[in-house]
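Survey of secondary and tertiary structure
Okay, here's what each chain looks like letter by letter:
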Amino acid sequence: MKIIVGLGNPGQEYSATRHNVGFMAADVLAERWQAPAWRDRFDAWVTECRLETEVVYLMKPQTYMNLSGVAVNGLLRFYKVDVSDVIVIYDDLDLAVGRLRLRAKGGSGGHRGIESLLVHLGKDEFSRVRIGIGRPPAGWETANYVLSRFNTEEAPLVRDAVNQAAEAAEMIVRQGLVKAMNQFNTGEKKKG
């Protein structure tokens, strides 16, 4: 069993913001896998899918970013899933807009959602799929920037990155993190 968590903030006002690229990728996977309707469980929107013999839960915490770990921990404890079977998709200020980077574990890098996961899960051994949103322009506060929408030049880059992040998460489930890192950390797109 695997859990893929897309991080973001609930509510229509946040739906297309930089901080919600994790939600966007989870939605891509739900559509691609023809998942059943999202259900409200564990302070999150959750749907269950099957990839061959693997059960995969897609999850979009509804606790707001800073408390994402509360919702994820609830699902993990209920299904007795190990932290190493969690894949988290989220935004990263330190990557250029549209870039993708996969990691096995590590710190939060200042990301409040990841900080919450580290606190509530007690381990850092979850896979990470980071989608670059770039740094704020001069004069912008980080909090305002991550809640802003992408401009017309950035939008196609982000759409492509969100689709690649979904592909990367699926590859992690099917073939493991190392194979996915070798493919997606080079900047190449997954072939066929």
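The structure displayed is predicted, hence computed values, not measured ones.

Rules behind the numbers
- Residues numbered from 1 in each chain as written.
- Predicted model: local features only at pLDDT ≥ 70, side-chain atom pairs only at ≥ 80, totals over all residues.
- Heavy atoms only, no water.
- Axes fitted to C-alpha atoms, helices over the stretch in contact; angles between N-to-C directions.
- Helix = DSSP H or I, 4+ residues; strand = E, 2+ residues; numbered from the N terminus.
- Parallel < 35°, antiparallel > 145°, perpendicular 65-115°, else oblique.
- Left-handed = near helix turned anticlockwise from the far one by under 90°.
- Contact = heavy atoms within 4.5 Å.
- Nonpolar A, V, L, I, M, F, W, Y, C, P; charged D, E, K, R; others polar.
- Polar contact = N/O pair within 3.5 Å; in protein donor to acceptor, adjacent residues only side chain to side chain.
- Phe/Tyr/Trp six-rings, centres within 6.5 Å; stacked < 30°, edge-to-face > 60°.
- Buried < 20%, exposed > 50% of the residue type's maximum accessible area, 1.4 Å probe, protein only.

Let's shift gears to the packing of helix 1 (residues 21-32) against helix 5 (residues 154-175). Geometrically, a packed helix pair is captured by the angle between its two axes and the distance between the axes. One can describe the packing of helix 1 onto helix 5 by two numbers: an axis separation of 9 Å at closest approach and a directional angle of 60°. Here helix 5 runs oblique to helix 1, going by the angle between their axes. The handedness of the crossing between helix 1 and helix 5 is right-handed. Together, V21, M24, A25, V28, L29 and R32 of helix 1 and V158, V162, N163, A165, A166, E167, A169 and E170 of helix 5 make up the contact between the two elements. In terms of residue class, the contact of helix 1 with helix 5 is built from ten nonpolar, one polar and three charged.

Another point: the side chain of N185. The residue N185 is located in the segment after helix 6 (177-184) in this model. Looking at N185, its side chain comes within polar contact range of the main-chain nitrogen of L102, at 2.7 Å. Among all residues touching N185, those that are not within four sequence positions of it are L100, R101, L102 and A180.

With that settled, the discussion passes to the packing of aromatic side chains. Under the criterion given, the structure shown has six aromatic pairs. Here F42 and F78 contribute two aromatic rings whose centre-to-centre distance is 5.2 Å and whose plane-to-plane angle is 55°, an arrangement assigned as tilted. Remark: F78 occurs in helix 2 (residues 68-79) and F42 occurs in the loop between strand 2 (39-41) and strand 3 (44-51); sequence separation between them is 36 residues. Take F42: its relative accessible area is 25%, and that puts it in the partly exposed class. Arranged with centres 6.5 Å apart and planes meeting at 65°, the rings of F42 and Y79 form a pair that is edge-to-face. On the criterion of sequence distance, the pair formed by F42 in the loop between strand 2 and strand 3 and Y79 in helix 2 is long-range, its members being 37 residues apart. The partly exposed category is assigned to Y79, whose relative accessible area is 22%. Ring pairing ties together the aromatic residues F42, Y57, F78 and Y79, which thus form one cluster.

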